Amino acid sequence: MQLYNTLTRRVEPFAPAAGTTVRMYTCGPTVYNPAHLGNFRTFLFEDLLRRVLRLNGWKVQQVMNLTDVDDKIIARSVQQGKTIREVTEPVTEIFHRDREFLRIEKAEVYPKATEHIPEMIALVERLMERGLAYQAEDASVYFAIARFPGYWKLSRLDTRQIRAGARVAADDYNKEDVRDFALWKAAKPEDEQTGAAWDSPWGRGRPGWHLECSAMAKRYLGDTLDLHAGGVDLIFPHHEDEIAQSEGANGKPFARMWCHGEFLLTDGAKMAKRVGNVAGVEDLRANGISAAAVRHFMFSVHYRKQLNLAEESLEASTNAVRRVGDFAARLASATGGTRNMTAIAEELERAATEALFDDLNAPEAVGALFEFIRMTNAELDAGGDDQAGLASARRAFALVNGVLDLVPG
């Protein structure tokens, strides 16, 4: 099996370090608003990845965090006069409902940031002991990127062009470097008001956004992960900062492989809440678009290429999966097949698995499935009573559809 490693910019062979179980961390939603289809393109790519790893015979231990404390959540809580928990719990329920609708397999663990504050404090303490973090005059604790030589290795950005990192105030002149990012933010009145402040060795405060993932990844998967995945928008600063924190604290490589999925676009622009071009899973339900059609649409383009959301594309995918559903019903009710169907089935298994094991080439696997459907339908039209051929066709179809999941419900 081969995957594109963002860290090395190469397609590389992949196997779990332990040989049997892939320890995989995938960045989950920030639960202040329901996730949009751009978010779910990433989650569907990760679902494909998870299923392909299992197709290859490995077990998967997947951890997907739920960010339930950050600037946006606190702002929403103040606006609504609620605690952060009152804001995030209903949104978390919506996320899981939408995830189940899209047939995204359940991760083994969905840790919440607010339930792992002790692990985050311990990580910051370790970084301070190693001289990689400091408390500034504003009482917040920052990571000193100048003291960590490996910074920039994931994003490979030109340091001269970098301004203050995302979610870091640019006017914190008491920081050693304007690009230093917050590990622990000193509590403000709105944090206390919304239940977003905890005791720490540095005073009342809350974790920085990046800290959460490092602490929870270590808690559930150990110091070194097999695989870390997310959207390309997380490469910098989020994943770059995760590497700095984790490797700075643990003295070991953080992740052996980094996989990132590209954006979903609407009219050529990245789908984002602030732009307003947001479509949610609820919109799909309202328009009668099935999960199978969404999966077909998302898998019609390679996960490392941008994908444009258009009404005609969803219509084409709806028609395509209707054909898959009709074929599945016909195959299930067939009483016999032909000898040729065994070879046709073997070709589907070979072509689809080769494509999926080659950096998750879902478009090629989908193409192989439709060629199999065309050829098998022709054999069924011809009639026959070969039970071995029919069994082979059913087995191959179940194997490939078990990964792509394109039969309408």
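Here the structure is a predicted model, which means the values were calculated and not measured. (Residues numbered from 1 in each chain as written. Predicted model: local features only at pLDDT ≥ 70, side-chain atom pairs only at ≥ 80, totals over all residues. Heavy atoms only, no water.)

A. Spotlight on the packing of helix α1 (residues 37-55) against helix α13 (residues 387-404). With their axes 8 Å apart at the nearest point, α1 and α13 run at an angle of 145° to one another. For the pair formed by α1 and α13, the contact residues are Leu48, Arg51, Val52 and Leu55 on the first element and Leu399, Gly402, Val403 and Leu404 on the second. When its residues are assigned to classes, the contact of α1 with α13 shows six nonpolar, one polar and one charged. (Axes fitted to C-alpha atoms, helices over the stretch in contact; angles between N-to-C directions. Helix = DSSP H or I, 4+ residues; strand = E, 2+ residues; numbered from the N terminus. Contact = heavy atoms within 4.5 Å. Nonpolar A, V, L, I, M, F, W, Y, C, P; charged D, E, K, R; others polar.)

B. Fine view of the environment of Leu265. By the element assignment, Leu265 lies in strand β11 (residues 264-266). For Leu265 and Gln306, which are 41 residues apart along the polypeptide, the C-alpha to C-alpha distance reads 7.0 Å.

C. Highlighting the pairing of strand β4 (residues 59-64). Pairing between strand β3 (residues 21-26) and β4: six bridges, direction parallel. Counterpart to Tyr25 in the pairing with β4 is Val63. Taking the sense of rotation as the criterion, the β-α-β connection linking β3, α1 and β4 turns out right-handed. (Pairing = 2+ DSSP bridges. Right-handed = clockwise from strand over helix to strand, strands pointing away.)

D. Seen up close, α1. For α1, built from 19 residues, the straight-helix expectation of 27 Å at 1.5 Å per residue is met to within 8% by its first-to-last C-alpha distance of 26 Å. α1 sits mainly inside the fold: 16 of its 19 residues count as buried. Positioned one or two residues after α1, Gly57 has a phi angle of 95°, which is positive. (Expected span 1.5 Å × (residues − 1). Buried < 20%, exposed > 50% of the residue type's maximum accessible area, 1.4 Å probe, protein only.)

E. Summary view of the pattern of salt bridges. Evaluated as defined, the whole model comprises 31 salt bridges. The partner of Asp405 in a salt bridge is Arg103, with the nearest N and O atoms 3.0 Å apart. Taken together, the residues Asp405 in the segment after α13 and Arg103 in the loop between α3 (84-101) and α4 (117-129) connect sequence positions 302 residues apart. Taking relative accessible area as the criterion, Asp405 reaches 16% and is therefore assigned buried. One connected set of salt bridges, linked through shared partners, spans Asp47, Arg50, Arg51, Arg54, Arg103, Glu105, Glu108, Arg295 and Asp405. (Salt bridge = Lys/Arg side-chain N within 4 Å of Asp/Glu carboxyl O.)

F. Quick peek at the sheet that holds β11. An order of β12-β11-β13 is seen for the three strands of this open sheet, with the pairing classed as mixed. This sheet does not close on itself; its edge strands, each paired only once, are β12 (269-270) and β13 (307-309). One ladder, built from three bridges, connects β11 with β13; its direction is parallel. The partner of Leu265 across the bridge, within β13, is Asn308.

G. How the structure looks around the packing of aromatic side chains. Within the structure shown, the criterion is met by 15 aromatic pairs. Taken together, a centroid distance of 4.6 Å and an interplanar angle of 0° make the contact between Phe45 and Tyr303 stacked. In this pair, Phe45 is assigned in helix α1 and Tyr303 in the loop between α9 (291-299) and β13, connecting sequence segments 258 residues apart. Comparing Phe45 with Tyr303, the two get one shared label, buried. (Phe/Tyr/Trp six-rings, centres within 6.5 Å; stacked < 30°, edge-to-face > 60°.)

H. Broad picture of the sheet that holds strand β10 (residues 258-261). Pairing in this open sheet of four strands is parallel, and the strands run β4-β3-β9-β10 from one edge to the other. The open sheet has two free edges, formed respectively by β4 and β10, since each of these has just one partner strand. Averaged over all neighbouring strand pairs, the angle between strand axes comes to 20°, with direction disregarded. Strand direction decides the pairing type here: strand β9 (residues 227-231) and β10, joined by four bridges, are parallel.

I. Inspection of α9 at higher detail. For α9, the tally of buried residues reaches nine of nine residues, placing the bulk of the element in the interior. For α9, every residue scored as buried is listed here: Ala291, Ala292, Ala293, Val294, Arg295, His296, Phe297, Met298 and Phe299.

J. Broad picture of the nonpolar core. Ranked by internal contacts, the top residues of the largest apolar core, which has 78 residues, are Leu227 and Phe372. Excluding its chain neighbours within four sequence positions, the residues that come into contact with Leu227 are Leu3, Phe14, Val22, Arg23, Met24, Tyr25, Leu49, Met257 and Cys259. Counting 47 residues, the second-largest nonpolar core is a separate cluster that includes Ile84, Tyr151, Leu225 and Ala244. (Core = buried A, V, L, I, M, F, W, Y, C linked by side-chain atoms within 4.5 Å.)

K. Representation of unusual backbone geometry within the structure. Here the bond from Phe236 into Pro237 is cis, since omega is 5°, no more than 30 degrees from zero. With respect to the secondary-structure elements, Pro237 resides in helix α7 (residues 235-250). We note that Asp359 has phi near 55°; this positive angle belongs to a residue other than glycine. Looking at the secondary structure, you find Asp359 in the loop between α11 (340-357) and α12 (362-382). Judged by its relative accessible area of 3%, Asp359 is buried. Although it is not a glycine, Leu360 sits at a positive phi angle of roughly 55°. As for its placement among the helices and strands, Leu360 is situated in the loop between α11 and α12.

L. Quick look at the confidence of the model for the chain. The share of residues in the chain with pLDDT of 70 or more is 94%, and the mean pLDDT across the chain is 93. Here residues 164-173 is a poorly scored stretch, pLDDT under 50, and it has 18 contacts once near neighbours within four places are set aside; other chains count. (pLDDT = per-residue confidence, 0-100.)

M. Quick peek at the side chain of Asp359. In terms of polar contacts, Asp359 uses its side chain to reach the backbone amide nitrogen of Tyr4, at 3.0 Å. Within polar-contact distance, the side chain of Asp359 engages the side chain of Arg304 at 2.8 Å. With sequence-adjacent residues up to four places away left out, Asp359 is seen in contact with Gln2, Leu3, Tyr4, Val11, His302, Tyr303 and Arg304. (Polar contact = N/O pair within 3.5 Å; in protein donor to acceptor, adjacent residues only side chain to side chain.)

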